[in-house]
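Residues per chain are reported as follows:
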Amino acid sequence: MIPIALVAASALLMWAAFPPIGFGALAFVAPVPLFLAIRSIERAFIAIALGFAWGAAFFGLLLNWLMVLGFVAWFPLAILMGTFTATYVAIIWVFRLWTPWRWWLIAVGGWVAMEYIRGRFPFGGFPWGDIGYPAAGLPGAIGSVQWIGPAGWTVLVVAFAAGLTLVLEHHRDWRMFVDSASVLVLLIIAGAFLGPAPAGERWRTAIVQGGSPCPQTRCQNENQRIYEQHLDLTKSIPADSVRLVIWPENSTGSPYEPENNDEVFREITEQAQRINAYILVSGTRVDGDSSFYNVNILYSPDGVKVGEYLKRHPVPFGEFVPLRGLFDFVPQLDRVPRDMIRGTEPVVFPTDDGILGSLISFEGSFARSMRSTAGAGAQMMVVTTNTSSYGRSPATDQALGMVRVNAAAAGLDTAYASITGKSTFITADGQVGETTEQLEERVLYGALQFNTSVPTLWVRFGDVLAFLAMAAAVGAVVVSRSSERDKTTIGGRGGSDGFAPSG
């Protein structure tokens, strides 16, 4: 019963590190009960079952807001996430009797590899629940994410937790814990004093959170009513008061979208000219009977189209149905009659004062999407989103938390514009400004500054620390096996560097 209690406590601690509770410091200790339980179990089947239960319980709690879409949306994802953690637990269980430092390397690199694969497979991946995000969001840590990225913070968090596990088991195995704790303290101190500082023009900006007449459902003339609500709020913005106006995801939609509706185009560009501001409009555009585009379009103060960005990372079973023919029996998928045509590359918009980049909703939670856009030259970011399907739920806060860390990693001021809330402005060092309430309809004013200085280390070099951790885990396995073969060849017995227990 003790291992079961430890696994349950670990899953609850992990859940509490994320919104709605959001006590990010718990991320550092949440894996410890899981590690202690797995290292004490003697049967592989029990270890794997507990690993699966940990993942299913943690993600089931974290993603409970999916239940508004039905059990069919929540249950398969929780099961899939449990499968990932079961695989990881199987690995650290197999190597539990190896010397402490080798197990520590495998535990850290294995966790990083689990998140790396889960963030890409299947159907493009799912980064929710990555342990680096709540830790990187802490004061000090948020300033250091520019150097190592969110995945780098995963390395540090798991290194600390695995080291603490070894100390709790045997006090003499203190080296891994002390070393990782020392690195954490130094990095947090450095991040507190050396956070990103943009150097460029500052734009007063307006986010138009126009709302939806029927959140969590569908209603008659929905696209028209959403568009009109955003247009009406935009008309309240005084002339020459801002340099950028942002409409969130799905604020326009066929047939009320500017590329194929001359009246909509005229009304939007008239507002750009009246306010004397750039307007970024986000929405969907139907393409035939079976597909559509999800786009961000930027118009200049002269009413000229600057460019268009096509969303690259659609939501599986939300914006496209993978293997559609195999899932015809699921009635809820009738809500997704068309598949999104995805963009193939990041797009940035040149303006009079700097280069603007943008992402759309789901892809804003992927660090690699933020990095690719920053790498393409973006000096300021806009993330448009629509969480109206989830009503008043933790979904918005969880997504906002990931966008905040990704923005700090790229060192870019970022506007987070939501159709039903929450909308806010995030500075390059990860500070969050005034935030709207969910389902509130208003214009939110703030400031964004172009970052014309050199890109952050993370933008330039990526997840180097994460790849080093994975390589170290592989090296720990390979070196130990080679060592064992050498000892067998010369008639030696496995010692402290082989398969013998540490204590």
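Residues numbered from 1 in each chain as written. Predicted model: local features only at pLDDT ≥ 70, side-chain atom pairs only at ≥ 80, totals over all residues. Heavy atoms only, no water.

## Describing the pattern of salt bridges
Now for step 1: On inspection of all chains with the given rule, the structure shows 15 salt bridges.
Now for step 2: For Glu-308, the salt bridge goes to Lys-305, with nearest N and O atoms at 3.3 Å.
Now for step 3: Under the relative-accessibility criterion, Glu-308 is labelled partly exposed at 24%.
Now for step 4: Under the relative-accessibility criterion, Lys-305 is labelled partly exposed at 33%. (Salt bridge = Lys/Arg side-chain N within 4 Å of Asp/Glu carboxyl O. Buried < 20%, exposed > 50% of the residue type's maximum accessible area, 1.4 Å probe, protein only.)

## Regarding the environment of Thr-420
Now for step 1: Locating Thr-420 in the fold gives a position in the loop between strand S11 (414–418) and strand S12 (424–426).
Now for step 2: Linking Thr-420 and Pro-258, residues 162 residues apart in sequence, is a C-alpha distance of 21 Å.
Now for step 3: Among residues more than four places away in sequence, those in contact with Thr-420 are Gln-209, Gly-211, Ser-212, Thr-387, Ser-388, Glu-437, Gln-438, Leu-439 and Glu-440. (Helix = DSSP H or I, 4+ residues; strand = E, 2+ residues; numbered from the N terminus. Contact = heavy atoms within 4.5 Å.)

## Side note on unusual backbone geometry
Now for step 1: Residue Pro-255 is reached from Ser-254 by a cis peptide bond, and omega for that bond is 0°.
Now for step 2: When you line up the elements, Pro-255 lands in the loop between strand S3 (252–253) and helix H10 (262–275).
Now for step 3: Backbone torsion omega between Gly-421 and Lys-422 reads 5°, so that peptide bond is classified as cis.
Now for step 4: The residue Lys-422 is located in the loop between S11 and S12 in this model.
Now for step 5: At Phe-317, a position not held by glycine, the phi torsion is positive, near 65°.
Now for step 6: Looking at where Phe-317 falls in the secondary structure, it is placed in the loop between strand S6 (305–310) and strand S7 (339–340).
Now for step 7: Given a relative accessible area of 31%, Phe-317 falls into the partly exposed group.

## Observations regarding the nonpolar core
Now for step 1: Phe-35, Ile-38, Leu-63, Trp-111, Trp-128, Trp-153 and Leu-244 are the most contacted members of the largest nonpolar core, which has 117 residues in total.
Now for step 2: For Trp-111, the residues in contact, after removing those within four places along its chain, are Met-14, Pro-31, Phe-35, Trp-54, Tyr-88, Ile-131, Thr-154 and Val-158.
Now for step 3: Ala-206, Ile-237, Val-264 and Ile-275 belong to the second largest nonpolar core, which has 19 residues in total. (Core = buried A, V, L, I, M, F, W, Y, C linked by side-chain atoms within 4.5 Å.)

## As for the packing of helix H1 (residues 2–17) against helix H3 (residues 44–62)
Now for step 1: One way to put it is that H1 packs onto H3 with a least axis distance of 9 Å and a crossing angle of 30°. With respect to H3, the axis of H1 lies roughly parallel. As for the relative orientation of H1 and H3, their crossing is right-handed in sense. For the pair H1 and H3, contact is made by Pro-3, Ile-4, Val-7, Ser-10, Ala-11, Leu-12, Met-14 and Trp-15 and by Leu-50, Trp-54, Ala-57, Phe-58, Leu-61 and Leu-62, respectively. (Axes fitted to C-alpha atoms, helices over the stretch in contact; angles between N-to-C directions. Parallel < 35°, antiparallel > 145°, perpendicular 65-115°, else oblique. Left-handed = near helix turned anticlockwise from the far one by under 90°.)

## Concerning H1
Now for step 1: Taking 1.5 Å of rise per residue, the 16 residues of H1 would be expected to cover 22 Å, and the 23 Å separating its terminal C-alpha atoms lies within 8% of that figure.
Now for step 2: Those residues of H1 that sit buried are Val-7, Ser-10, Ala-11, Met-14, Ala-16 and Ala-17.
Now for step 3: Tucked into the core, H1 has its buried residues touching helix H2 (31–40), H3, helix H5 (100–118) and helix H6 (132–136). (Expected span 1.5 Å × (residues − 1).)

## Here we look at the sheet that holds strand S10 (residues 380–385)
Now for step 1: If you trace the five strands from one edge of the open sheet to the other, you get S8-S9-S10-S11-S12, paired in mixed fashion. The open sheet has two edge strands with one neighbour each: strand S8 (348–350) and S12. With strand direction ignored, the average angle separating the axes of adjacent strands in the sheet is 20°.
Now for step 2: Note: strand S9 (residues 355–360) against S10, five bridges, orientation parallel. (Pairing = 2+ DSSP bridges.)

## Considering the packing of aromatic side chains
Now for step 1: Counted under the stated rule, the structure contains 25 aromatic pairs.
Now for step 2: Plain terms: the ring middles of Tyr-88 and Trp-111 are 5.4 Å apart, the flat faces sit at 75° to each other, and that makes the pair edge-to-face. With Tyr-88 in helix H4 (residues 71–94) and Trp-111 in helix H5, this pair connects stretches of sequence that are 23 residues apart. Residue Tyr-88 shares its accessibility class with Trp-111, and that shared class is buried.
Now for step 3: Here the aromatic residues Phe-18, Phe-35, Trp-54, Phe-58, Phe-59, Tyr-88, Trp-103 and Trp-111 are joined through ring pairs into a cluster of three or more.
Now for step 4: Looking at Arg-120, its charged tip hangs above the ring of Tyr-116, at a distance of 3.7 Å from the centre. (Phe/Tyr/Trp six-rings, centres within 6.5 Å; stacked < 30°, edge-to-face > 60°. Lys NZ or Arg CZ within 6 Å of the ring centre and 35° of its normal.)

Geometry only, nothing functional implied.
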